[in-house]
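Structure at a glance
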Amino acid sequence: MAKNHAPSRRSSSRRSDLAAALVAVASIALGAATAAPRPQAQEPQLPADRIVIGGMQAPKFAVPDCVPKRPDEASQAACRTITQVLRADLRFENLSFVQESLISAIPPLNPQAPKFEDWKGIGANILVVTQAEVANGELVTEVRVHFVDNGQSMLQRRYSGKPDNPRTFAHAASDDIMTLTQYKGVAKTRITFVSDRDSSKERPSKELYIVDYDGFNPRRVTVNGSLNILPTWRPDGAAIAYVSYRQGSPQIFLAKIFEGQSVANLSGEKGDGQAFSPAFSPDGKSLAFASNRAGSTDIFVAGADGSSPRRLTTTQAKDTAPCFSPTGQEIAFTSDRTGTPQLWLMDADGLNVRRLSVGSGNYNDGCAWNPAKQYSEVAYTARLEAGGFDIAIVDLATRQVRQITEGRGSCEYPSWAPNGRHLVFSCQRNKRWEITIADRDGRSLQTLATGPGNNVQPDWGP
Amino acid sequence: MPFPIARLPLTFLVLALALTLGASCTKRTPALASAHPGEGGAGAEGDGAAQARTQQLQEGPDVRAIGGEGASGSDIPGGAFTGEGGPLADIHFELDSAALSDGARSTLEKHALWLQGQRGARVTIEGHCDERGTTEYNLALGEQRARAARDYLVSLGVGQDRLRVVSFGKERPLATGGDESSYAQNRRAHFAVGR
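Residues numbered from 1 in each chain as written. Chains lettered and ligands numbered in written order. Predicted model: local features only at pLDDT ≥ 70, side-chain atom pairs only at ≥ 80, totals over all residues. Heavy atoms only, no water.

Let's shift gears to the overall build of chain B. Check the secondary structure of chain B and you find six helices and four strands. Approximately 10,400 Å² of chain B is accessible, and the part contributed by carbon and sulfur atoms is 58%. (Helix = DSSP H or I, 4+ residues; strand = E, 2+ residues; numbered from the N terminus. Areas by Shrake-Rupley, 256 points an atom, 1.4 Å probe, with all protein chains shown as cover.)

Next up on the list: the overall build of chain A. If you tally the helices and strands in chain A, you get five helices and 32 strands. A separation threshold of at least 6 residues defines the contact pool for chain A, and within that pool the share at least 24 residues apart is 44%. Accessible surface, chain A as shown: approximately 19,400 Å² in total, 49% of it carbon and sulfur. (Contact = heavy atoms within 4.5 Å.)

Right, let's talk about the state of the cysteines for a bit. All names here are of chain A. Per the counting criterion, the structure on display carries three disulfides over all chains. The disulfide bridge from Cys 323 ends at Cys 367, spanning 2.3 Å between sulfur atoms. Between Cys 323 and Cys 367, the S-S torsion sits near -135 degrees, and that sign places the bridge as left-handed. Here Cys 367 lies in strand S24 (residues 363–369) and Cys 323 lies in strand S20 (residues 319–324), a separation of 44 residues in the sequence. Each member of the pair, Cys 323 as well as Cys 367, carries the same accessibility label: buried. Between the sulfur atoms of Cys 411 and its disulfide mate Cys 427 the distance is 2.0 Å. Where Cys 411 bonds to Cys 427 through sulfur, the torsion about that S-S bond is close to 105 degrees, and the disulfide is right-handed. Taken together, the positions of Cys 411 in strand S28 (residues 410–416) and Cys 427 in strand S29 (residues 422–429) put the pair 16 residues apart, joining distant regions of the chain. (Disulfide = S-S within 2.5 Å. Buried < 20%, exposed > 50% of the residue type's maximum accessible area, 1.4 Å probe, protein only.)

The next thing to look at is the nonpolar core. The nonpolar side chains of a soluble globular protein tend to be buried, and buried together. In this structure, Ile 229, Leu 230, Tyr 245, Ile 252, Phe 276 and Phe 289 of chain A are the most contacted members of the largest nonpolar core, which totals 34 residues. Of all the elements, strand S13 (residues 239–244) of chain A adds the most residues to this core, at five residues. Other than its neighbours up to four places away in sequence, Phe 276 of chain A contacts Leu 230, Val 243, Ile 252, Phe 289, Ala 290, Thr 297 and Thr 320 of chain A together with Glu 136, Leu 139 and Ala 140 of chain B. In this structure, Ile 126, Phe 169, Tyr 183 and Ala 372 of chain A belong to the second largest nonpolar core, which totals 33 residues. (Core = buried A, V, L, I, M, F, W, Y, C linked by side-chain atoms within 4.5 Å.)

This part is about the side chain of Arg 421 of chain A. Residue and element names in this part refer to chain A. Mapped onto the fold, Arg 421 is located in the loop between S28 and S29. Arg 421 gets classed as buried once you look at its relative accessible area, which sits at 1%. A distance of 2.9 Å separates the side chain of Arg 421 from the backbone oxygen of Glu 93, its partner in a polar contact. Apart from the residues lying within four places of it in its own chain, the contact partners of Arg 421 are Asp 49, Ile 51, Glu 93, Asn 94, Met 178, Tyr 183, Tyr 375, Asp 439 and Arg 440. (Polar contact = N/O pair within 3.5 Å; in protein donor to acceptor, adjacent residues only side chain to side chain.)

All names here are of chain B. Two numbers describe how helix H4 (residues 102–117) lies on helix H5 (residues 135–155): the axes approach to 10 Å, and their chain directions differ by 55 degrees. One element, H4, and the other, H5, form an angle in the oblique class. Read as a crossing pair, H4 and H5 show a hand that is right-handed. Along its contact with H4, which presents Arg 105, Leu 108, Glu 109, His 111 and Ala 112, the element H5 presents Ala 149, Tyr 152 and Leu 153. Its residues placed into classes, the contact of H4 with H5 shows five nonpolar, one polar and two charged. (Axes fitted to C-alpha atoms, helices over the stretch in contact; angles between N-to-C directions. Parallel < 35°, antiparallel > 145°, perpendicular 65-115°, else oblique. Left-handed = near helix turned anticlockwise from the far one by under 90°. Nonpolar A, V, L, I, M, F, W, Y, C, P; charged D, E, K, R; others polar.)

Before going further, it helps to examine the sheet that holds strand S10 (residues 207–212) of chain A. Pairing within the open sheet is antiparallel, and its four strands lie in the order S11-S10-S9-S32 (chain A). Strand pairing shows two members of the sheet lacking a second neighbour, strand S11 (219–220) and strand S32 (455–460) of chain A, which therefore form its edges. (Pairing = 2+ DSSP bridges.)

Attention shifts here to the sheet that holds strand S22 (residues 342–347) of chain A. All names here are of chain A. Ordered in space as S20-S21-S22-S23, the four strands form an open sheet in which the pairing is antiparallel. Each edge of the sheet is formed by a strand with only one pairing partner; in this case those strands are S20 and strand S23 (354–355). One ladder, built from six bridges, connects strand S21 (residues 330–335) with S22; its direction is antiparallel. From the neighbouring strand, Phe 333 faces S22, where its bridge partner is Trp 344.

Sheet faces and side chains relate simply in a regular strand, where the side chains alternate between the two faces. Residues and elements named next belong to chain A. With five of six residues buried, strand S26 (residues 390–395) is to be regarded as a mostly interior element. Pairing of strand S25 (residues 377–383) with S26 involves six bridges; the strand directions are antiparallel. Each bridged residue has a counterpart across the sheet, and for Val 378 the counterpart in S26 is Val 394. Pairing analysis gives three bridges linking S26 to strand S27 (residues 401–403), with the strands arranged antiparallel. Following the sheet pairing, Ile 393 is matched in S27 by Arg 402.

Owing to its 3.6 residues per turn, the α-helix brings residues three or four apart onto one side. All names here are of chain A. Under the 1.5 Å per step criterion, the end-to-end length of helix H2 (residues 73–92) is 29 Å for 20 residues, consistent within 8% with the ideal 28 Å. Taken together, the buried positions of H2 are Ser 75, Ala 78, Cys 79, Ile 82, Thr 83, Val 85, Leu 86, Arg 87, Asp 89, Leu 90 and Phe 92. Following H2 by one or two positions, Asn 94 adopts a phi angle in the positive range, close to 70 degrees. (Expected span 1.5 Å × (residues − 1).)

So, on to the interface of chain B and chain A. If you look at the interface, chain B gives 25 residues, while chain A gives 31 residues. Across the chain B/chain A interface, buried area totals approximately 2,400 Å², and carbon plus sulfur atoms make up 48% of it. Among the ionic pairs, Glu 171 of chain B bridges to Lys 206 of chain A, the shortest N-O distance being 2.8 Å. Linking chain B with chain A are 17 residue pairs in polar contact (both at pLDDT 80 or more), by the criterion used here. Looking at the side of chain B that touches chain A, the elements with two or more residues in it are H5 and strand S3 (163–169) of chain B. Here the element with the most residues in the side of chain B that touches chain A is H5 of chain B; it accounts for 10 residues. (Buried area = accessible area lost by both parts, 1.4 Å probe. Salt bridge = Lys/Arg side-chain N within 4 Å of Asp/Glu carboxyl O.)

Residues and elements named next belong to chain B. Examined against the element boundaries, Thr 107 turns out to sit in helix H4. A relative accessible area of 18% places Thr 107 in the buried class. Residues in contact with Thr 107, not counting those within four places in the same chain, are Ala 89, Asp 90 and Ile 91.

Residues and elements named next belong to chain A. For helix H5 (residues 167–178), with 12 residues, the first-to-last C-alpha span of 17 Å sits near the 16 Å given by 1.5 Å per residue. Among the 12 residues of H5, 11 are classified as buried, and the element is accordingly described as predominantly covered. Inspection of H5 places Arg 167, Phe 169, Ala 170, His 171, Ala 172, Ala 173, Ser 174, Asp 175, Asp 176, Ile 177 and Met 178 among the buried residues, and these make up the whole buried set. Buried residues along H5 sit in contact with strand S3 (60–62), H2, strand S6 (126–135), strand S7 (138–147), strand S8 (153–161) and S10.

All names here are of chain B. The pLDDT averaged across chain B works out to 68; a share of 56% of its residues lies at or above 70. Element-level mean pLDDT values for chain B span from 24 in helix H3 (residues 60–69) up to 97 in strand S1 (residues 91–92). Across residues 1–82 the pLDDT falls below 50, and counting only partners more than four positions away or on other chains, this stretch makes 41 contacts in the model. Reported for the predicted complex are a pTM of 0.79 and an ipTM of 0.82. (pLDDT = per-residue confidence, 0-100.)

All names here are of chain A. For the pair H2 and H5, interaxial distance at closest approach is 8 Å and the crossing angle is 40 degrees. One way to sum up the angle between H2 and H5 is to call them oblique. Seen from above, H2 lies across H5 with right-handed handedness. Contact with H2, carried on its side by Thr 81, Ile 82, Val 85, Leu 86, Asp 89 and Leu 90, involves Arg 167, Phe 169, Ala 170, His 171, Ala 173, Ser 174 and Ile 177 of H5 and no other residues of that element. The class makeup of the residues in the contact of H2 with H5 is eight nonpolar, three polar and two charged.

This is how it looks when you write it as structure tokens:
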């Protein structure tokens, strides 16, 4: 079993920072039009990210320790991991919990017949009972979720498999528990990113890696010793498109991660041609990218296998970094056609081009359209004033901008969790780039300990 | 660990390597000697062939790695000038610009003359950017820089089939400091000469 790196979860309450940032952004956006700034005027009202289960708002969960079904060390160790990881997963999903000290104050859980009165007494609404055992080379975990009020069972699941990574059992249970809520869980999702950790002075390289969403279980994808950058998941989770210098020029490659095979030069560049910024449509059938084959860098869209490419932008400016809307009917991209890089929108056929970023900052790039349709918003990398870069989100309906990072060094390359509730990006702090996660309100920022080196360009996959 | 036994063949390897390196260093001397005289701070490199040879012999990992691989070193054909240095100096650019300055043009004019005397030489023009700005935008910007250099060389009579263009964006900076002088060094077109 590979050694895992513990994620360091540095959380911070950033409300006041955020408010200050919003005022700053608002005043830039309004510019000269508003003479006197109105500080407490318009903090955008974000929809409350409250978990609802069976009509209950933000119910309080109790997740007591997993109970081993056998006394052997393997079963006990598996149980300890499952408890720890399941709690972390559910906390990440923003569920509410009763204090752990209260759990230890009541009699130990009887997993077969919980005394619901005890759990009601400490304020729990929902009780999650887990049991596990390792027997005959197999780990079996049972999870039961009860409404404390009436003891009613909401979910009963049994998971079995190889015992080498009990974390995956907890991730599966967390995602199943999340099916009781209005949100889809992300505990089984993975993030791909670029790192120079296996680079050497003689042979500087960047390779692709995959980690679980919580930073554990890093695995290397590319091994070619070249520059491999800008990875993006195919929506089916079985392949990653990326840019590789393996054949000299930057070209788009496709890594089939389960087969360990790659397809070179997907977009069919010839000679000096370079292609980068691959982005799949949500249905996985189309691939948008940037190419210089027509002279200047333009946006193209092709089949997911690179077939039948069509040119979408035709300016002499640099048109790069496309991203699809959740419906696949629109594409946002970056263009410096007005002098500085700004975000633009167009229909997926290249028509109806209009500017998205207005007035806020002189450098806006690297769009990531929130995949959840209920949030009509685009995250991007912004330089709001000279100096470092920050992650910002523009609401498509109101065009209000909210800043997600501030004073964390330079941050760039946002990518959304599949459910649109969290963002991943990379930030440079103390001269090192690290993968960082925040929720869509810019709270609970945490650095993922994915391993050594500079870790950049994360893409959150299914 | 059978350390004393392993040590004996290693000694032979060191000796053999000393001969190999001696030969190849002599051959490479012109390339090393022309390495960016203006950029101090390279330290270990660029202090002349003799010191380089001594250092390589003293450093265990270099020797062991080569011996351990069971490989002997040889020049890659056409690869002599592909690293830093080389006969064609870099040209530099202003922030977020691919416009050729007067200085860059006069450097490119010298490059064109050199290339006319070296009919067999082919050049890969690498466009590079400083670390500010996003990966994608810098890939496009680096491409514009390399293309601007190529177009000027072509206008001076260098055959386009001898010139290749590749953008490294901000992915392979020459200087790693986060200050204006490092940024300025990294906003460049680099000319890797092969045959």
